[in-house]
Amino acid sequence: GKAQSSTTATDYPLHHTLFMQRAISSRRALLPKSSRGLSSVAADWAFPVPVTFGAGRAAELPAKLRERGSNRPLLVADKGLSGKPVVGGLFDSLAAAGLQPRLFGEVDANPTDLNIVAGAAAYREHAADGLVAVGGGSGLDAGKSIAMVAGSGRSLDELEWTRPPVEEMSCPPLVLIPTTAGTGAEMDSAAMYTDTSRRVKFCVAHPGCTAQIHVIADPLLTLSLPPTLTAWTGMDAVTHAIEALSVDSYHPMCDGIALESLRLMHTWLPAAVADGSDVAARSHMLAASAMAAVAFQKGLGAVHGLSEPVGAVHNSQHGLTNAILLPHVLRANRAAIEPKMDLAATYLGLPPPPPGYATTDGGFERVAAWLDTLAEQLQIPATLAEIGISDETAEECAAKAVANPTGFTNPLPFDAEMYSGVFRAAVEGRDRGRLQ
């Protein structure tokens, strides 16, 4: 991953630079008509990290960096986004404000240890004093990892989240700018990457990094996301909220946030997929995604426990993998999560399931039917086989899932046999949809 030149990010369409301008007081006149009247979903939040939220607020990026003493930021994005207008507009806004940015756009869709080492080298070569990470989970996780490695001089292994936090941690100012509503990776320091030699996903995190985060959540930057990625990343957020709610520990704050996140997504995820230019839908989805990420501070479960090894082995899209696995894990967890699903079904106002589901009593089948209907509506593939994954790696992925700490907070303990069974069912499409 060679760092890209900082002199190539120019010549982007006018409307992308317009809403990047510093004149915040007049930004409403610069927005698409569909985004006007959205003052009720523009706000500044202090919890759990500082968040600047609302349409057009990416224009505040230069000021946010200057407030934090950064004049030479490294701008990090993945390969698919680095040449797009959203990154070009941000880069140009920094240069126009007199800052000296450099673009590092060599991040893979599933960030790797090699990407992070290369990004840390680019940070040092630029003598950077801050970092801006842009994108979905790829760019955001890579940016956070690069900041932690470059700022501290520590290795990824030393920063692994299950280890005691390293002392005397130095992390530069971080501005995180999501362009998808899915991972919620902007809400804390935790960052996933793939160890290329072991074909395993690991997570790095540090409270010293969290303290340096400022989020700019601008729904206008999500408008160009195509329907497929809108659906896949949205289902990642749905999975976060469902799994966080299902974790068997007492945390009513996280449970409440998870429920409200699900309510927003119940309404606005189909709308955002149907019309990507609907700024209200994009705004509420961006908020719901962040909320689901806050909720899973409580923990996740076996969907992520298995999807992370599947992604490491097969390089599959994370949200899509979650969406395919979710109904199978939901059913495997049924005995432990029925009270929580009753709560979710009531809060969302879900109707009784259609004929063919196991029972019309209780909330579990109502939630299961909603998730099945949502997946069909969003055209989520029904099986892992449809995305090119066979059962040949079932045992390998199951073994890695058992060792994956992300799944340790699943409401029921999963052994390798259970993970393998879920994997094979997801390949074949068994135990999904209208069950006897």
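Right above here is the structure, for reference.
Residues numbered from 1 in each chain as written. Predicted model: local features only at pLDDT ≥ 70, side-chain atom pairs only at ≥ 80, totals over all residues. Heavy atoms only, no water.

1. Overview of the overall build of the chain
In terms of helices and strands, the chain carries 17 helices and nine strands. Relative to its full complement of 436 residues, the chain shows a buried share of 60%. Taking as baseline every contact in the chain between residues at least 6 positions apart, the subset at least 24 positions apart corresponds to 78%. When the accessible area of the chain is evaluated, it comes to approximately 16,700 Å², of which 55% is carbon and sulfur surface. (Helix = DSSP H or I, 4+ residues; strand = E, 2+ residues; numbered from the N terminus. Buried < 20%, exposed > 50% of the residue type's maximum accessible area, 1.4 Å probe, protein only. Contact = heavy atoms within 4.5 Å. Areas by Shrake-Rupley, 256 points an atom, 1.4 Å probe, with all protein chains shown as cover.)

2. Things to note about the sheet that holds strand 9 (residues 213-217)
In spatial order, the strands read 1-2-9-6-5-3-4; together these seven strands make up an open sheet with mixed pairing. Strand pairing shows two members of the sheet lacking a second neighbour, strand 1 (43-45) and strand 4 (102-107), which therefore form its edges. Each neighbouring strand pair of the sheet contributes to a mean axis angle of 20 degrees, computed without reference to strand direction. Inspection of the sheet shows strand 6 (residues 174-178) paired to strand 9 by three bridges, in the parallel sense. Its bridge partner being in strand 9, valine 175 is matched across the sheet by histidine 214. Helix 11 (residues 279-295) contacts strand 1, strand 2 (51-53), strand 6 and strand 9 of the sheet and is inclined by roughly 165 degrees relative to strand 2. (Pairing = 2+ DSSP bridges. Axes fitted to C-alpha atoms, helices over the stretch in contact; angles between N-to-C directions.)

3. Brief notes about the packing of helix 13 (residues 318-332) against helix 15 (residues 364-377)
The N-to-C vectors of helix 13 and helix 15 enclose an angle of 170 degrees; their axes lie 10 Å apart at closest approach. Considering the angle they form, helix 13 stands roughly antiparallel to helix 15. Counted together, Leu326, Pro327, Leu330 and Arg331 of helix 13 and Phe364, Glu365, Ala368, Leu371 and Asp372 of helix 15 form the full contact between these two elements. Classifying every residue of the contact of helix 13 with helix 15 by side-chain character gives six nonpolar, no polar and three charged. (Parallel < 35°, antiparallel > 145°, perpendicular 65-115°, else oblique. Nonpolar A, V, L, I, M, F, W, Y, C, P; charged D, E, K, R; others polar.)

4. Comments concerning the packing of helix 10 (residues 252-274) against helix 15
Across the interface, helix 10 lies against helix 15 with an axial gap of 11 Å and an inter-helix angle of 30 degrees. Taken together, the axis directions place helix 10 and helix 15 in an arrangement best described as roughly parallel. Our pair here, helix 10 against helix 15, has a crossing hand that is left-handed. Touching Leu262, His266, Leu269 and Pro270 of helix 10 are Trp370, Leu374 and Gln377, all from helix 15. The residue makeup of the contact of helix 10 with helix 15, split by class, is five nonpolar, two polar and no charged. (Left-handed = near helix turned anticlockwise from the far one by under 90°.)

5. Brief notes about the packing of aromatic side chains
Enumeration over the complete set of coordinates arrives at three aromatic pairs. Taking the centre distance of 5.1 Å and the plane angle of 65 degrees together, the rings of phenylalanine 414 and tyrosine 419 count as edge-to-face. Exposure class is identical for phenylalanine 414 and tyrosine 419. Each is buried. (Phe/Tyr/Trp six-rings, centres within 6.5 Å; stacked < 30°, edge-to-face > 60°.)

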